[in-house]
Amino acid sequence: MNDTTPAVRLAGVTKTFGSVRAVDGLDLTIEPGEVVAFLGPNGAGKTTTVDMLLGLSRPTSGTVEVLGGDPRHAVALGRVAAVMQTGGLLKDFTIRETVELTASLFRPSRPVDEVLDRAGIADVADRMVAKASGGQQQRLRFALALLPDPDLLILDEPTTGMDVQGRRDFWSAIRADADRGRTTLFATHYLEEADAYADRIVLVRHGRVVADGTAAQVKAMAAGRSVRATWRGADTRALASLEGVDSVDVRGDSVVVHAKDSDGVARFLLTQTPATDLEITSRNLEDAFVALTADAPADTRDREGVLA
Amino acid sequence: MSTTTGTATGTVVPTERRVPPLGGFSTTLVGLELRRLLRNRRAVIFTLVMPSVFFLLFGTDGDYKDQASGAGNLTARIMVSMAVYGAMIATTSGGAMVATERAVGWSRQLRLTPLNPVAYIAVKALVAMTMGLAAVVAVFVVGSLAGAQLPLWRLVVCGLLAWVCSLVFAAFGLFMGYLLPSENVMQILGPGLAILSFAGGLFVPLTEFSHVFATLAKLTPAYGVGELARAPFGGEHDLALAALNVVAWGLVFVLGAAWRMSRDTQRV
């Protein structure tokens, strides 16, 4: 295996269930070491794609390669591991027994105590799974995924049920491994997690990639930034006539301008008006997410593949 | 294919990734599964306690102890029938554990490991047969203390036959486990096994049945196992028919389990 082998290669992948096209011509290549967030509304095909990456289902057409080969082979060698939304745990095992059982299947496997510690459940290891909280069960799934020391880690809604501290610990563990070169692909609906922890964001809708880039690039795709300034009695007409301005709102003493060319608006406000307290903010990822994955608007099709 | 693993000390140790030997089958796995099964109080009561209680209720009448039955007394014959009943419950519930595991998604979790489906089934079968052996031994110990009489070697052969033939019900449990995606599959199978045991002549000898019912009874799966297990008593046994019964039902359940299992692994 050489270094240029992608961690994940999906080419023209489709998956149909009866008349439903869950995945519709998905192309995605992930290089080793990338931390990629996989975002999309419910039913966008995220879980179906994850299933195919783990060899739990086969594509109807197209190519699915994991670390240069068949997904099942990568799973059997422990090169890819996953925290699945649907992966169940047995209630009548203790947390430690669950890890011991799974560890017995991998060659080699990280030590049981090490993964319990890294997942933050060493202190509750002797608790029955039935008595563990949702967050502890999720940490247990994470511990199981750490056992084979995988080259590629796939996480489907990994922090569901965790409290704030748990989420933070979890992501610092993920980042530490990513810095050592582990490729990570995670699906989440906590957009701030994608924003904060991913090198790259892939937005999917109706089984296709609609945006692919850094968080900043994806946010920019949803067009523009907003410029807020304090300006009593703002001349809204003058602002609206500026190049690239989408909207102008007056809120009390403030005026908020949404514009593609935020620099131009700022320059105008600072040089030709008495406006003060200028703030420029990019739209957040949530705005981008809604704009890019919402149904209906005809122009969304034009955006497809702009950055892909 | 190789990869590198960073250790706590920061040194890099190259590791060779391999698929586990025997598809993942190991004593660790069997041991953990047994421990889990023994934690299930309901299963332990049904497999290890109830058959003995039935034996004490139905088999220890003073007359039965004095009544000869082939090479032993009638109490011993009833003891063997109850041991077969216990082994049936034990092996069926062992096999049916797959239903729970599928219902909660554990089988899906296992699909993220190198565990081979055949090794998984082998573990289930071994756990089921271990419980079956425990069930037979439990009834035999209680029986011997409560007046069952049979020469030792015949007793041992009875026990071995009851145990080995209950493999049929391990397959039955697996088949049902894949067929019924329920967490409480034994609540359905428990009464079902009681009916099969009655129909197969484990609770009441077939000689008490009418001719038609006795003939039908010989076609049910518990009949063959019971008949073979009691064969060491000597006397009249249609061993060929009993063996055919065991083999035929065994085949039906194994094929059924394999069929459901292959559909399951395609879908998972």
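Calculation rules
- Residues numbered from 1 in each chain as written.
- Chains lettered and ligands numbered in written order.
- Predicted model: local features only at pLDDT ≥ 70, side-chain atom pairs only at ≥ 80, totals over all residues.
- Helix = DSSP H or I, 4+ residues; strand = E, 2+ residues; numbered from the N terminus.
- Buried ≥ 20, exposed ≤ 12 C-beta atoms within 10 Å, placed from the backbone.
- Contact = placed C-beta atoms within 7 Å.
- Pairing = 2+ DSSP bridges.
- Axes fitted to C-alpha atoms, helices over the stretch in contact; angles between N-to-C directions.
- Parallel < 35°, antiparallel > 145°, perpendicular 65-115°, else oblique.
- Left-handed = near helix turned anticlockwise from the far one by under 90°.
- Nonpolar A, V, L, I, M, F, W, Y, C, P; charged D, E, K, R; others polar.
- pLDDT = per-residue confidence, 0-100.

Novice: Please clarify how the overall build of chain A should be interpreted in this entry.
Specialist: A tally of regular secondary structure across chain A gives twelve helices and 13 strands. Overall size of chain A, expressed as C-alpha extent along the three principal axes, is 70 × 45 × 40 Å. Out of the 308 residues belonging to chain A, those deemed buried represent 45%. When contacts within chain A are restricted to residue pairs at least 6 apart in sequence, long-range pairs at least 24 apart make up 68% of them.

Novice: Looking at this model, I keep getting lost on the sheet that holds strand β12 (residues 254-259) of chain A. Mind explaining?
Specialist: By way of backbone hydrogen bonds, the strands of a sheet pair with one another, either parallel or antiparallel. All names here are of chain A. What the four strands build is an open sheet, ordered β11-β12-β10-β13; its pairing is antiparallel. The open sheet has two free edges, formed respectively by β11 (245-251) and β13 (276-282), since each of these has just one partner strand. Strand-to-strand, the axes of this sheet are offset by a mean angle of 15°, without reference to chain direction. Note: strand β10 (residues 225-230) against β13, five bridges, orientation antiparallel. In the sheet register, V227 faces β13, and the bridge partner there is I280. The strands touched by helix α10 (residues 262-272) within the sheet are β10, β11, β12 and β13, with β10 carrying the most contacts at an inclination of about 10°.

Novice: Whenever I open this one, the environment of M128 of chain A confuses me. Can you help?
Specialist: Residues and elements named next belong to chain A. Mapping M128 onto the fold places it in the loop between α4 (112-118) and α5 (134-146). Residues M128 and E97 lie 31 residues apart in sequence; the distance between their C-alpha atoms is 9.1 Å. Once you skip the residues sitting within four places of it in the chain, M128 turns out to touch K91, D92 and T94.

Novice: Just checking my understanding: could you explain the packing of helix α1 (residues 27-39) of chain B against helix α7 (residues 117-145) of chain B for this structure?
Specialist: Geometry of a packed helix pair, given as the angle between the helix axes and the separation of the axes. All names here are of chain B. One can describe the packing of α1 onto α7 by two numbers: an axis separation of 10 Å at closest approach and a directional angle of 50°. By the criterion of interaxial angle, the relationship of α1 to α7 is oblique. In this structure, the crossing between α1 and α7 has a hand that is right-handed. Contacts between α1 and α7 involve L29, V30, E33, L34 and L37 on the former and, on the latter, V123, L126, V127, T130 and M131.

Novice: Would you take a moment to explain the packing of helix α3 (residues 95-103) of chain A against α5 of chain A for this structure?
Specialist: Residues and elements named next belong to chain A. Two elements in contact, α3 and α5, have axes separated by 9 Å at closest approach and are oriented at 25°. One finds that α3 runs roughly parallel with respect to α5. Seen along the crossing, α3 lies across α5 with a hand that is right-handed. Residue-level contacts link I95, T98, V99 and T102 of α3 to L140, A143 and L144 of α5. In terms of residue class, the contact of α3 with α5 is built from five nonpolar, two polar and no charged.

Novice: How should I be thinking about the confidence of the model for chain A in this particular structure?
Specialist: Detailed reading of the predicted model is not advised wherever pLDDT is low. Residue and element names in this part refer to chain A. Averaged over chain A, the pLDDT score is 86; the fraction of residues at 70 or greater is 93%. Taking the mean pLDDT of every element in chain A, the minimum, 38, falls on helix α12 (residues 300-303) and the maximum, 97, on α3. Between residues 296-308, whose pLDDT stays under 50, and residues either more than four places distant or in other chains, the model counts 14 contacts.

Novice: Is there a simple way to think about the sheet that holds strand β3 (residues 35-39) of chain A in this case?
Specialist: Residue and element names in this part refer to chain A. Strand order across the open sheet formed by six strands is β5-β6-β7-β3-β8-β9, with mixed pairing between neighbours. The open sheet is flanked by β5 (80-83) and β9 (208-213), the only strands paired with a single partner. The sheet shows a mean angle of 15° between the axes of neighbouring strands, direction not considered. Both β3 and strand β8 (residues 200-205) contribute to a ladder of four bridges, which runs parallel. Within β8, the residue paired with L39 across the bridge is L203.

Novice: What exactly am I supposed to notice about the interface of chain A and chain B here?
Specialist: The parts lose accessible area when they come together, and the size of an interface is often stated as this lost area. On the chain B side, the residues contacting the 30 residues of chain A number 29 residues. Looking at the side of chain A that touches chain B, the element that brings in the most residues is α3 of chain A, giving four residues. In terms of residue class, the side of chain A that touches chain B is made up of 16 nonpolar, six polar and eight charged.

Novice: Hey, could you run me through the pairing of β11 of chain A in this one?
Specialist: As a general feature of sheets, a regular strand has side chains that alternate between the two faces. All names here are of chain A. Sheet analysis places β11 next to β12, joined by six bridges and oriented antiparallel. Note that in β12 the partner of D249 across the bridge is V256. Adjacent in sequence and paired antiparallel, β11 and β12 are bridged by two residues, among which G252 carries a positive phi angle near 60°.

Novice: What's the story with unusual backbone geometry in this structure? I'm lost.
Specialist: Leave glycine aside and you will find that most residues have negative phi; peptide bonds, for their part, are mostly trans. All names here are of chain A. Between R107 and P108 the backbone carries a cis peptide bond, its omega angle lying at -5°. Positionally, P108 belongs in the loop between α3 and α4. Not every positive phi belongs to a glycine, and E157 is a case in point at roughly 50°. For E157, the location among the structural elements is in the loop between β6 (152-156) and α6 (164-179). Residue classification places E157 among the partly exposed residues on the basis of 17 C-beta atoms within 10 Å. One non-glycine residue, D277, adopts positive backbone phi at about 55°. Structurally, D277 can be placed in strand β13. A tally of 10 C-beta atoms within 10 Å means that D277 is categorised as exposed.

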